[in-house]
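# Understanding the architecture of this molecule
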Amino acid sequence: MATTPFRLDGLVAVVTGGSQGIGGAVSAALAQAGATVAVTNLPAKREDVDAFVQGLEVDGGTARGYDLDVSVASSIAPVFDTIAADLGGLHILVNNAGVSSRMSALDVSEEHWDAVHAVNVKGVFFAAQAASRHMLNAGYGRIVNIASQLVVTSGPNRAVYVSAKGGVVALTKSLATEWATQGITVNAVGPGPTDTPMTRNPDSARNDSTFLQHSPIGRRLQPEEIAGAVVFLASREAGAVNGHHLLVDAGWSVS
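Residues numbered from 1 in each chain as written. Predicted model: local features only at pLDDT ≥ 70, side-chain atom pairs only at ≥ 80, totals over all residues. Heavy atoms only, no water.

## A few points about the sheet that holds strand E1 (residues 12-16)
One open sheet holds the seven strands; their spatial order is E3-E2-E1-E4-E5-E6-E7, and the pairing between them is parallel. In the strand order of this sheet, the two ends are held by strand E3 (62-67) and strand E7 (245-248), each with one partner. Direction aside, the axes of adjacent strands within the sheet are offset by 20° on average. Of the strand pairs in this sheet, strand E4 (residues 92-95) and strand E5 (residues 141-146) are connected by four bridges, and their pairing is parallel. Bridge pairing links Val94 to Val144 in E5. The sheet contacts of helix H1 (residues 21-32) involve E1, strand E2 (36-41), E4 and strand E6 (184-191), and relative to E1 the element is tilted by about 170°. On the sheet, helix H8 (residues 223-234) packs against E4, E5, E6 and E7 and is oriented at approximately 170° with respect to E6. (Pairing = 2+ DSSP bridges. Helix = DSSP H or I, 4+ residues; strand = E, 2+ residues; numbered from the N terminus. Axes fitted to C-alpha atoms, helices over the stretch in contact; angles between N-to-C directions. Contact = heavy atoms within 4.5 Å.)

## Examining H1
Between its terminal C-alpha atoms H1 stretches 17 Å, which fits the 16 Å expected from twelve residues at 1.5 Å a residue. Counted residue by residue, H1 has ten buried out of twelve residues, so it is predominantly covered. Those residues of H1 not exposed but buried are Gly21, Ile22, Gly23, Gly24, Ala25, Val26, Ser27, Ala29, Leu30 and Ala31. The secondary structure elements touched by the buried residues of H1 are E1, E2, helix H2 (46-58), E4, E6 and H8. Backbone geometry just downstream of H1 places Gly34 in the positive-phi region, at approximately 110°. (Expected span 1.5 Å × (residues − 1). Buried < 20%, exposed > 50% of the residue type's maximum accessible area, 1.4 Å probe, protein only.)

## Details of the environment of Thr16
Along the polypeptide, Thr16 turns up in strand E1. Counting along the chain gives 219 residues from Thr16 to Ser235, while the straight-line C-alpha distance between them is 18 Å. Discounting residues that sit within four places of it in the chain, Thr16 has contacts with Thr40, Leu68, Val70, Leu93, Val94, Asn95, Asn96 and Ala97. Within the local environment of Thr16, its side chain forms a polar contact with the backbone nitrogen of Asn96, the two atoms lying 2.9 Å apart. Among the polar contacts made by the side chain of Thr16, one reaches the main-chain amide nitrogen of Ala97 at a distance of 2.9 Å. (Polar contact = N/O pair within 3.5 Å; in protein donor to acceptor, adjacent residues only side chain to side chain.)

## Describing the nonpolar core
Leu8, Val26, Leu30, Val37, Val94 and Val189 are the most contacted members of the largest nonpolar core, which totals 34 residues. Counting only elements with at least two residues in this core, the list comes to E1, H1, E2, H2, E4, E5 and H8. If you tally residues by element for this core, the top one is H8, at seven residues. If near-sequence neighbours (up to four positions away) are discounted, Val37 is found in contact with Ala13, Val15, Ser27, Leu30, Ala31, Thr62, Ala63 and Arg64. In this structure, Ala84, Leu87, Val119 and Ala127 belong to the second largest nonpolar core, which totals 33 residues. (Core = buried A, V, L, I, M, F, W, Y, C linked by side-chain atoms within 4.5 Å.)

## What about the packing of aromatic side chains?
Counted under the stated rule, the structure contains two aromatic pairs. Considering the side-chain rings of Phe6 and Phe232, the 5.4 Å spacing of their centres and the 80° angle between planes classify their relative orientation as edge-to-face. Residue Phe6 is located in the segment before E1, and its partner Phe232 is located in helix H8; the two are separated by 226 residues in the primary sequence. Plain terms: the ring middles of Phe125 and Phe126 are 4.9 Å apart, the flat faces sit at 85° to each other, and that makes the pair edge-to-face. Given the relative accessible area of 29%, Phe125 is considered partly exposed. (Phe/Tyr/Trp six-rings, centres within 6.5 Å; stacked < 30°, edge-to-face > 60°.)

## Considering unusual backbone geometry
Phi is positive for Phe6, close to 65°, though the residue is something other than glycine. With a phi angle near 65°, Asn157 is a residue other than glycine that sits in the positive phi range. Tracing the sequence through the fold places Asn157 in the loop between helix H5 (150-153) and helix H6 (159-179). With a relative accessible area of 41%, Asn157 lands in the partly exposed category.

## Some remarks on the side chain of Asn96
Along the polypeptide, Asn96 turns up in the loop between E4 and helix H4 (110-138). For Asn96, a relative accessible area of 13% translates into the label buried. A distance of 2.9 Å separates the side chain of Asn96 from the backbone oxygen of Gly17, its partner in a polar contact. When neighbours within four sequence positions are excluded, Asn96 is seen to be in contact with Val15, Thr16, Gly17, Ile22, Gly23 and Ile146.

Scope: geometric values only; no functional claims are made or implied.
Spelled out as structure tokens, the structure:
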């Protein structure tokens with residue numbers, strides 16, 4: 001009898017920055033596919049997380065919220081240990097938490113560089129490290145890192161952001177080869193310009209009319225259009241896909 005592909009029943013997924021934007025869409029899609037979802041975000045966003053989790057449960061999903069600042073590396077493993085104890089394991093990690101940066105390279109300070117890389121690279125590595133300890137014990141795991149189409153196309157005033165997301169892609173490949181024989185896959189998704197709270201600011205709005213002329217579809221992507229790729233890479237069926245940076249950009253990078 002045929003089975004529905006890409007089901008995640010019986011699996012526990014952690015989504016960092018998982019209550020809004022791409023992270024929110026990913027959390028919802030994972031829950032819809034049957035995973036129990038641990039939605040993490042900054043302590044200051046706890047009310048948003050609780051409301052989001054309640055919405056997932058109303059829709060029939062199973063989810064729980066947790067406080068986590070991935071820029072504080074020492075805090076990650078204890079939170080993941082708690083999640084595994086509360087929910088019965090940790091099988092999927094989506095490293096979605098991230099911060100943007102749009103600034104002339106001449107104006108970048110060391111403090112700004114460190115702040116962006118602390119979330120976008122350091123947080124990704126130490127979250128993967130903490131999650132992998134549980135996955136290695138189980139002999140199974142899926143790690144999906146959210147990178148960016150800009151790693152391929154680049155752009156002006158994005159040196160800090162692109163260097164960080166480029167680090168995520170390189171890290172993805174390295175971890176993929178390290179854990180390939182132990183049941184863990186590590187992949188990345190590279191979204192194109194997407195309509196999220198992080199992009200809804202005056203600078204982005206002013207730039208839309210110009211840079212979206214280069215988009216094959218003439219608009220920003222919706223977060224839900226990214227989430228399907230994550231569900232696939234998180235599924236059992238994607239076991240032979242490893243170390244890949246899957247671009248979800250409506251063809252921007254090849255146009």
